[in-house]
Every structure is written in structure tokens, then in C-alpha cells.
Amino acid sequence: TVDFPPVTFQVRVRPAGDSSPPRPLLNRTVTTPHRWEEASVDLSALAGRQVELELTLAADEPGSLGFWGTAVVRHSGPPPSTGPAPLLETASEPPQGVIVIVADTLRPDHLDGYGYRRKTAPLIAELAAQGARFEHSLVQATWTKVSVPAIATSMYPTSHRVADFTDRLSAAATTLAEVYRQAGYATVAYSSVPFTGKFTNLHQGYEELHESSSLSHQGSSKTAREFVDRLGQWLARHRDGPFFAFLHVFDPHDPYEPDRPWNTLYADPARRDEHKQTEEKLRESISDPLLRLFKMPTRAELVAGGVDPESFVAHNIDWYDGSIRGLDVEVARLMGHLQDLGLDEKTLVVFTSDHGEEFLEHGRSFHGQSAYGELSRVPLILYQPTLIPAGLEIGEVVQSLDLMPTLLELSRLPVPEQAMGQSLLPLLEAARRSKQQGVDPLEVARALGWERRPAITEKAATGGSAAPPPRDTESYALVWDGWKLVHHTRRPDGAPEFELFEFATDPFDQHDRAAEQPERVRQLADRLEQWRQAALEARLPETAPTEGLSKEELDRLRSLGYIQ
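Everything numeric here is computed off the predicted structure, so don't read it as measured data.

S.K.: I tried to follow the overall build of the protein on my own but got confused; where do I start?
M.R.: Check the secondary structure of the protein and you find 15 helices and 18 strands. The C-alpha radius of gyration computed for the protein amounts to 25 Å, which stays within 12% of the reference 24 Å derived for 564 residues, consistent with globular compactness. Counting only C-alpha atoms, the protein reaches 85 × 65 × 45 Å along its principal axes. Evaluated residue by residue, the protein yields a buried proportion of 54% over its 564 residues. Intrachain contacts of the protein at a sequence separation of at least 6 include 71% that bridge at least 24 residues. Summing over all exposed atoms, the protein offers an accessible surface of approximately 25000 Å²; the carbon and sulfur share of this is 49%. A gap of 2 Å separates the mean positions of the 57 positive and 81 negative side-chain charges of the protein.

S.K.: Explain the pattern of salt bridges to me, please; I cannot follow it from the model alone.
M.R.: Working definition: two side chains of opposite charge can pair if their charged atoms are close together. Under the criterion given, the structure shown has 38 salt bridges. Across the pair Arg432 and Glu89 runs a salt bridge, and its minimum N-O distance is 3.0 Å. Remark: Glu89 occurs in the loop between strand 3 (51-58) and strand 4 (97-103) and Arg432 occurs in helix 12 (residues 425-437); sequence separation between them is 343 residues. Judged by relative accessible area, Glu89 falls into the exposed class, the value being 53%. For Arg522, the salt bridge identified is with Asp526, shortest N-O distance 3.0 Å. Within this pair, Arg522 and its partner Asp526 are both found in helix 14 (residues 518-537), separated by 4 residues, close to a single helical turn. Given the relative accessible area of 43%, Arg522 is considered partly exposed. When salt bridges with common partners are traced through the structure, they connect Arg12, Arg14, Glu52 and Glu54 into a single cluster.

S.K.: What's the story with a nonpolar patch on the surface in this structure? I'm lost.
M.R.: Residues Leu53, Leu55, Leu57, Trp68 and Val73 make up a contiguous nonpolar surface patch of about 420 Å² in total accessible area. Position of Val73 among the secondary structure elements: in the loop between strand 3 and strand 4. Judged by relative accessible area, Val73 falls into the exposed class, the value being 62%.

S.K.: Got a minute to help me understand the packing of helix 1 (residues 122-129) against helix 9 (residues 309-340) in this structure?
M.R.: The relative placement of two packed helices comes down to the angle between their axes together with the axis-to-axis distance. With their axes 7 Å apart at the nearest point, helix 1 and helix 9 run at an angle of 55° to one another. When the interaxial angle is binned, helix 1 and helix 9 end up oblique. Here Pro122, Leu123, Ile124 and Leu127 of helix 1 lie close against helix 9, whose contacting residues are Arg325, Asp328, Val331, Ala332 and Met335. Residue classes in the contact of helix 1 with helix 9 are distributed as 7 nonpolar, no polar and 2 charged.

S.K.: How should empty space enclosed by the protein be read in this particular structure?
M.R.: A full pass over the atoms with the stated rule returns 5 cavities of 30 Å³ or more. If you go around the largest cavity, you meet 13 residues; those closest to its centre are Val148, Ala152, Leu202, Tyr206 and Phe246. Looking at the lining of the largest cavity, the element that brings in the most residues is helix 2 (residues 144-153), giving 3 residues.

S.K.: How should the sheet that holds strand 17 (residues 483-490) be read in this particular structure?
M.R.: Backbone hydrogen bonds are what pair the strands of a sheet, in a parallel or an antiparallel way. Pairing is antiparallel across the open sheet formed by 4 strands, whose spatial order is 15-16-17-18. The outermost strands of the open sheet, each flanked by one partner alone, are strand 15 (455-459) and strand 18 (498-502). The average undirected angle you get between the axes of adjacent strands in this sheet is 15°. In this sheet, strand 16 (residues 474-480) lies alongside strand 15 in antiparallel orientation, the contact comprising 5 bridges. Across the sheet, Glu458 pairs through a bridge with Tyr476, a residue of strand 16.

S.K.: It is not clear to me how the pairing of strand 17 should be interpreted in this structure. Could you clarify?
M.R.: Along a regular strand, successive side chains alternate from one face of the sheet to the other. Burial of strand 17 is extensive: 6 of the 8 residues sit out of reach of the surface. Pairing geometry for strand 16 and strand 17, over 7 bridges, is antiparallel. Along strand 17, the bridge assignment pairs Val479 with Lys484. The pairing of strand 17 with strand 18 spans 5 bridges and is antiparallel. Within the sheet, the bridge partner assigned to Leu485 lies in strand 18 and is Leu500.

S.K.: When you look at the nonpolar core in this model, what are you seeing that I'm missing?
M.R.: Within soluble globular proteins, side chains that are nonpolar tend to cluster in buried spots. Phe134, Tyr180, Phe244, Leu382 and Leu428 are the most contacted members of the largest nonpolar core, which has 67 residues in total. Sequence-distant contacts of Phe134, defined by excluding residues within four places in its chain, comprise Tyr114, Leu380, Leu382, Ile394, Val398, Leu424 and Leu428. Core analysis: the second largest hydrophobic core is formed by 53 residues, Ile101, Leu111, Phe227 and Phe312 among them.

S.K.: It is not clear to me how the packing of aromatic side chains should be interpreted in this structure. Could you clarify?
M.R.: Here a ring pair, both rings aromatic, is described through the centre-centre distance and the interplanar angle of the planes. One pass over the full model with this rule turns up 17 aromatic pairs. On the basis of an interplanar angle of 55° and a centroid distance of 6.0 Å, the ring pair of Tyr476 and Trp531 is categorised as tilted. Here Tyr476, found in strand 16, pairs with Trp531, found in helix 14; they are 55 residues apart in sequence, far enough to count as distant. Accessibility classification places Tyr476 together with Trp531 in one group, the buried group. In textbook terms, an aromatic cluster arises when at least three aromatic residues are bridged by ring pairs, as seen for Trp143, Phe165, Phe195 and Phe199.

S.K.: Looking at this structure, how should I read the environment of Leu25?
M.R.: Relative to the helices and strands, Leu25 is located in strand 2 (residues 23-30). Assessed through its relative accessible area of 26%, Leu25 is described here as partly exposed. Leu25 sits 28 residues away from Leu53 along the chain, and the two C-alpha atoms are 9.5 Å apart. Residues contacting Leu25, with those up to four places away along its chain left out, are Val11, Arg12, Val13, Val41, Leu43 and Leu53.

S.K.: Before we go on, may I ask you to explain unusual backbone geometry in this structure?
M.R.: At the junction of Asp254 and Pro255, the peptide bond is cis and its omega measures out at -5° in the coordinates. The topology assignment puts Pro255 in the loop between strand 8 (243-249) and helix 6 (272-282). Here the amide bond leading from Arg260 into Pro261 is cis, since omega sits at 0°, within 30 degrees of zero. Considering the arrangement of structural elements, one finds Pro261 in the loop between strand 8 and helix 6.

Here is what the cut-offs are and how they apply
Residues numbered from 1 in each chain as written. Predicted model: local features only at pLDDT ≥ 70, side-chain atom pairs only at ≥ 80, totals over all residues. Heavy atoms only, no water. Helix = DSSP H or I, 4+ residues; strand = E, 2+ residues; numbered from the N terminus. Rg over C-alpha atoms; globule rule 2.2 N^0.38 Å. Buried < 20%, exposed > 50% of the residue type's maximum accessible area, 1.4 Å probe, protein only. Contact = heavy atoms within 4.5 Å. Areas by Shrake-Rupley, 256 points an atom, 1.4 Å probe, with all protein chains shown as cover. Lys, Arg positive; Asp, Glu negative; His and termini not counted. Charge placed at Lys NZ, Arg CZ, Asp CG, Glu CD. Salt bridge = Lys/Arg side-chain N within 4 Å of Asp/Glu carboxyl O. Patch = residues over 30% accessible without salt bridge, like charges linked within 9 Å, V, L, I, M, F, W, Y side chains within 5 Å. Axes fitted to C-alpha atoms, helices over the stretch in contact; angles between N-to-C directions. Parallel < 35°, antiparallel > 145°, perpendicular 65-115°, else oblique. Nonpolar A, V, L, I, M, F, W, Y, C, P; charged D, E, K, R; others polar. 1 Å grid on protein atoms, 1.4 Å probe; cavity = no way out; pocket = protein on both sides within 12 Å on 5 of 7 lines; lining within 4 Å. Points joined across faces, edges and corners; volume = space filled by probe spheres on them. Pairing = 2+ DSSP bridges. Core = buried A, V, L, I, M, F, W, Y, C linked by side-chain atoms within 4.5 Å. Phe/Tyr/Trp six-rings, centres within 6.5 Å; stacked < 30°, edge-to-face > 60°.

What follows is the structure, encoded as C-alpha cells:
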């Protein structure tokens, strides 16, 4: 007997309401198990007619199994649009494709396009120079689990309710991918960590999702090379129609050591073994189990372990910067794919991050533990040569949740009512006019409907052991009118309730001015409380943590102690 007998997949058609036998359009026999095969059927001869399509299976062996993937009927012409032309005067046509690249754990101050001393990302710097670069882009949370849902839904974490390790996005949310898919776009996502896949319900809206478990090198943080390979192949198959792709790459994330040849670009290879030995030695000094696993000591733990903090962090930064350089090469390969396919001038490319990384600026390593600037600031670049004018620099404070309304407006698609961000197009048009005509960009942006709003970053209290520590603290940061207020609503004994920083001149929140300006603290605290009440009123329904999870996923959660 054959372990996996052949299965034939059939697509058949007949006129709507007709009882005659259906006419075959596709017969595809699959003989190799445990893999997906793509098939397309040209329905152009049926245009304008009402028909019934049947998707069936046939096999000689009783009990044979076959699975249809995401079957979709798609228009292969220009991108569909339902809305008016956007404010940006150069936007005569919507982009055919949109690619959102989220480079996990990437700080803008480590990119030469943002003034860094090292040439870590020359291609990304070129995208910024030939497109639009946002100087002050802030995330709504400082770890992936919570930040990416804000990007996908244009909702604050308080409202989208994903705050802890097992939280999942409610089906009541409308994701960016769902809007594009509903409009007829092909949609695909590449997820480098379970947080950006089904585990958080962020598969909503994608016809195709590549989870991190599909990667060839499990345990490596360098995912861009393989995912760019896959995305290039996917683009070749969808080059004739509208598409939306979400590319989440992990390369800057720890383990920081880059792949060759970038592993010795900045880091001294003679120090590699010594640094690895030091990391292992430090495990004894790291108190938190999660950070011990990731080899992420605090400054106090480095000192207790007899390690010089500055030297240790300097080597990690050398590796971190090398990993960024390796990522830049992969982004360059993606741009090459677009050029080869004739899509380079038809595709809007967004480059951003979900959060930064702390290198002891506040005495810690890793991310997710605070709402300070080294974690909340991210790069944001928009590039499409026929759409985004070159050399635009935007100095206004913007937020990750502004991406959804911006992209949908450029695509002339409706923005969901839930969206809490606002389109960045008035800022882009204002920067364009300022560059060409010398007008005041802020005045123009306001005239075009831009509303200066507070920017909010949240750090929630969490349970279990898989969320970043400290888990018993809660903080909210508000940036407004040149200042940043951090309200520590849950804090250790003796820690301040409020901290106040000058936003532009103190990007890493090192100099607390709260004691000097109590009235400003009070005003900003009132504004933060107004935001909090509005965010609570807009909360989505709760989603059961285990709803829809497979047995393997449930077993994993039980092993970690999250469910019984």
C-alpha cells in the first residue's frame, strides 16, 4: 500500500442556478505529501457572468486527505480603489503593491541614515534620502507582542488588549491586512517570532503566513535572508495584480552575533571566545530566568559578576551593528527583486521597527521593560520614487499607529472606524511644499487637516515569566509640546511616580526635570489621564487565551506554566 496515496484537486464551474454537470477548470493530482502546491485558474472568460465554482477532492483510496488553502478570486488589473485621491499631490495613482518591513529591535540612532557614526545601513539610508524620513517615530509598546498589534490595527494597547504573553487579538479588530484582502489584494506575511503570527491572532487577513517555525535555522535571529528569498518568489507569482506584504525580520535581535562576513565588520574576532565565555559566566549572576536565558544582565549584575559593563556592552553593540549591516544587504536584495520584476516604481516600501533595545542606558539590557527613549523611538521611512518625493524630512512626532490610515489613504481604501492614528499625508505634502516653496510646513499640515496629538507608549504589568521584566511595574509615557512625561502607575517603593524629560534634547530620558516643573507635570498628567479614559472606552472584546490553539501550542503553554 502507498502511505500517502495521490489526491486530485478539482475546480469546476457551471452557470449559477444551473443543474447541469459542472465543467472542469483544473485537475491537479498531488503525489508528494506535507507540502503546499499553488495553482491558478484564469477566469477571464467568465467575466460578467454569474457562476458557481466548486472546489473538490478525488482519490482512489478511501480516507485519503487533501486540504485546500486560501482559495480566492482576484482581479489581476490595476489596484482597486474606493476612496478619493489623497492629499499628497504626487499621488496620481495608488501603489500596485505595499511592503511593510518591520526590523525587530532596531534603534534609529544606529542607522547612518539617522546620523549614526558607522555606515551600518547604506541602502536604507538611500531609501530615506530618496523618500521620506520621519525623525521622531514612536511605538505604542516596547516589545513585539504588544507593539505589532498596534501597527496592525491602529489601536493603542489599552484598546486592542494585547498586553501579556498569552493575550490574543480579538476577531472584532480589523487588521491592515484584512482591509487589503477585502479589496482584492494578494496578502502575505513573514513572521520571525510567534508573537507576529497565529499565536497573537495576527494571521487575520493573510492568505499566506510563514511562521517562524518554518525557518531552516531554528534558534538563529538572522531571518531576513530566507524570508527575502521567499518574498522574492511570491512577488514573481503576484506581479500582475495588487499585493500587500508584511515582512517581519529579526536580524538586529539577540543573539546579536551576525552571520559571516558581518560578524567581524565591527567586532574584534579575537574577543569572540572571551565574550562567549563571559556570557556563560554571567548566567550565575542574572536573577531573572528569562533574561538568564537570553544572557541579558543588568549593570548591577555585570558588576557583581566582575565584568566591566562598558566593555561588555561595547562588544554587543559591535555585533548589533554588524547584524544591521547584514540586514541592509537583504533589504537591498529585496529592492533588486522589485526592480527585476518591474515593480520598483509601483511598490510602496515602508521600513520601520517595533521597538528599540536598551544597552544599559537605564541599567538594563533587552527590551520591553520600560517606556524610555532607547526603546520607544524607531525608524520610519516611506519609499516609492513615483509617489513619495525624494528628500522629505518630517520633524513632527508621529506614532506607529499612524501607518494604517496613511497606507490605506494612499491606496484609496477605507480606514476602519476603530483606527486611532491619523494619516501622515498632510505632513508629507507639507514637507514637499516647504522644500519647493519655502512655506511653513507645520502651518500647511494643519491647513490640510493634520492634528498635533500626544504620542503614547505603554508598559503594562504582566504575569508569568515569559514577558520582559520587571513584570510588576506599569508605566505610561506621553510626548507633547516638546516634553515627555512618564507616569509610573505601578512602581517599586521609593521610585518616583512621575518623570519629566525634554524630548528633543534628551532622547534617552537621562535627566529628570519633574522636580523643577511641577505645574508642567500636572498639566501633562491631566492630558495623559484624558487619553487613558478614551482608550479604555474604545477597548475591544476580550479573547480567550486558548481559543483556536492547536494541541502542540497548548502543550507548549502548559510546559511554560501559563495554563493548566
